[in-house]
Amino acid sequence: MKLLPRFALAAALSFASALPASAQEAKGATELTWFGHAAFQLKTPSGKIVLIDPWLTNPANPKGKEQLEQLAKADLILLSHGHSDHVGDSTAIARKTGAKLVATFDLGNAMVAYSGFPAKQTGYDTMGNFGGELSLLDGEVLVRLVPAVHGSTIKLENKPDVHAAGNPGGFVIRVKNGPTIYHTGDTDVFGDMALIGERTKIDYLLAPIGGHFTMDPTGAARAVKLIGAATVIPMHFGTFPVLKGTPAQLQEALKKEASKARVREMKIGETIPLK
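Note that the structure is a prediction, hence the values are computed from the model and not measured.

Chemist: Mind showing me how you'd approach the pattern of salt bridges here?
Modeler: Two side chains that carry opposite charge are able to pair once their charged atoms sit near each other. All told, the structure shown has seven salt bridges when counted by the stated rule. Put simply, Glu133 and Arg174 hold a salt bridge, and the shortest N to O gap is 2.9 Å. Here Glu133, found in strand β7 (residues 133-136), pairs with Arg174, found in strand β11 (residues 169-175); they are 41 residues apart in sequence, far enough to count as distant. Overall, Glu133 belongs to the partly exposed group, its relative accessible area being 37%. Residue Glu265 pairs with Lys267 through a salt bridge whose shortest N-O separation is 3.6 Å. Overall, the relative accessible area of 36% leaves Glu265 in the partly exposed class. Take Lys267: its relative accessible area is 51%, and that puts it in the exposed class.

Below is the structure:
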């Protein structure tokens, strides 16, 4: 009788070791790190690194330069639009890590032409347009490109020229064995957000609340209700004095909307697990 448990344990260990690496890695957690402003890092269960609007060196992030210097791995860089506070450190990161660009074709072409993004790290496999869904990282991540209400141009530092960079957008990111995240990019609230929520259940909404250039807490609360997100993580606030919206104001606005969504305020540099 004592041999049976030992045999069962040995068989279980043998079965686990025989599983493909991807199957074993899938047991990990999905993690989200906020660098301030609209810059996030998403780590998948298998350890892949996805950066979104990676302005690591934004003025609200005291460790930004150090984090950029220490960043050794990135698989994908998602860019919502061409403004410098979202393009951020993308080109430097791409050259350093070999990360591929996920964006609309117009923005991708502008990044190559005007910001020096490596052309070999762009292409049909990672770029598309609104409504399209991209299967990335061997299917571990699905990214659907969705519109936003904003602008999108590229202006080179210390040069007066301003170049068109396609239409602004956001991303609905579905992680295999993980959650679904909607990063809106810079936007005002718009009615078709309801269609985005109807099509895909959103677990985490990353939404700007600062006002002035994007929706404020009142607009963000309405967006949360339209989308039906379970949790909202505020972004794009406090980086500059004009971005006056606060998470506390968002919480109050959600109460007025009778929304049951949870506000998860992240601290700059914080990493949290996503379920």
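Chemist: So what exactly am I meant to see when it comes to helix α8 (residues 217-227) here?
Modeler: Along an α-helix, residues three or four apart share an orientation, since each turn contains 3.6 residues. Of all the residues in α8, the buried ones are Pro217, Gly219, Ala220, Ala221, Ala223, Val224 and Ile227. Those residues of α8 that are buried are in contact with β12 (180-183), α7 (193-199), β13 (204-208), β14 (231-235) and α9 (247-256). Gly228 lies just past α8 and shows a positive phi near 75°.

Chemist: How should the nonpolar core be read in this particular structure?
Modeler: Ranked by internal contacts, the top residues of the largest apolar core, which has 51 residues, are Leu32, Phe40, Leu78, Val143, Ile173, Tyr182 and Leu205. Setting aside anything within four residues of it in sequence, one finds Leu78 in contact with Val50, Leu51, Ile52, Asp53, Pro54, Val102, Val143, Phe171 and Ile173. Formed by 23 residues, the second largest nonpolar core is a distinct cluster that contains Phe35, Ile49, Leu79 and Ala99.

Chemist: Could you clarify how one ought to interpret α9 in this entry?
Modeler: When we look at burial in α9, the residues that qualify are Pro247, Leu250, Ala253 and Leu254. The arc enclosing the buried residues of α9, seen along the axis, measures out at 115°, which places them on a common side. Exposed and facing more than 90 degrees away from the buried side of α9 are Ala248, Lys255 and Lys256. Buried residues belonging to α9 abut α8, β14 and β15 (262-263).

Chemist: Looking at this structure, how should I read the packing of aromatic side chains?
Modeler: The geometry of two aromatic rings is summed up by the distance between their centres and the angle between their planes. What the rule picks out here adds up to four aromatic pairs. Centre to centre, the rings of Trp34 and Phe40 are 6.3 Å apart; their planes meet at 25°, and the pair counts as stacked. Just as Trp34 is buried, Phe40 falls in that class too. Ring centres 5.8 Å apart and planes at 25° place the aromatic pair Trp34 and Phe237 in the stacked group. Here Trp34, found in strand β1 (residues 30-36), pairs with Phe237, found in the loop between β14 and α9; they are 203 residues apart in sequence, far enough to count as distant. Considered together, Trp34 and Phe237 belong to a single accessibility category, that of buried residues. Members of the aromatic cluster, each reached through a chain of ring pairs, are Trp34, Phe40 and Phe237.

Chemist: Teacher, can you tell me more about the environment of Gly28 here?
Modeler: Mapped onto the fold, Gly28 is located in the loop between α2 (21-25) and β1. Along the backbone, Gly28 and Pro45 are 17 residues apart, and their C-alpha atoms lie at a distance of 4.4 Å.

Chemist: I tried to follow the packing of α8 against α9 on my own but got confused; where do I start?
Modeler: When two helices pack together, you describe them by how their axes are tilted relative to each other and by the distance separating the axes. At a minimum axis separation of 8 Å, α8 and α9 run at an interaxial angle of 50°. Comparing the axis directions of α8 and α9 gives the class oblique. Of the two possible hands of crossing, α8 and α9 adopt the one that is right-handed. Where α8 abuts α9, its residues Pro217, Thr218, Ala220, Ala221 and Val224 lie against Gln249, Leu250, Ala253 and Leu254.

Chemist: Whenever I open this one, the pairing of strand β2 (residues 39-43) confuses me. Can you help?
Modeler: The side chains of a regular strand alternate between the sheet's two faces. The buried count for β2 comes to four of five residues, which makes it a mostly enclosed element. Taken together, the five bridges between β1 and β2 define a ladder with antiparallel strand orientation. Its bridge partner lying in β2, Trp34 is registered against Phe40. Linking β1 to β2, which pair antiparallel, is a turn of two residues; within it His37 sits at a positive phi near 55°.

Analysis parameters
Residues numbered from 1 in each chain as written. Predicted model: local features only at pLDDT ≥ 70, side-chain atom pairs only at ≥ 80, totals over all residues. Heavy atoms only, no water. Salt bridge = Lys/Arg side-chain N within 4 Å of Asp/Glu carboxyl O. Helix = DSSP H or I, 4+ residues; strand = E, 2+ residues; numbered from the N terminus. Buried < 20%, exposed > 50% of the residue type's maximum accessible area, 1.4 Å probe, protein only. Contact = heavy atoms within 4.5 Å. Core = buried A, V, L, I, M, F, W, Y, C linked by side-chain atoms within 4.5 Å. Arc of directions from axis to C-beta. Phe/Tyr/Trp six-rings, centres within 6.5 Å; stacked < 30°, edge-to-face > 60°. Axes fitted to C-alpha atoms, helices over the stretch in contact; angles between N-to-C directions. Parallel < 35°, antiparallel > 145°, perpendicular 65-115°, else oblique. Left-handed = near helix turned anticlockwise from the far one by under 90°. Pairing = 2+ DSSP bridges.

Note that every value here comes from positions in space, so none of it alone points to a role or purpose.
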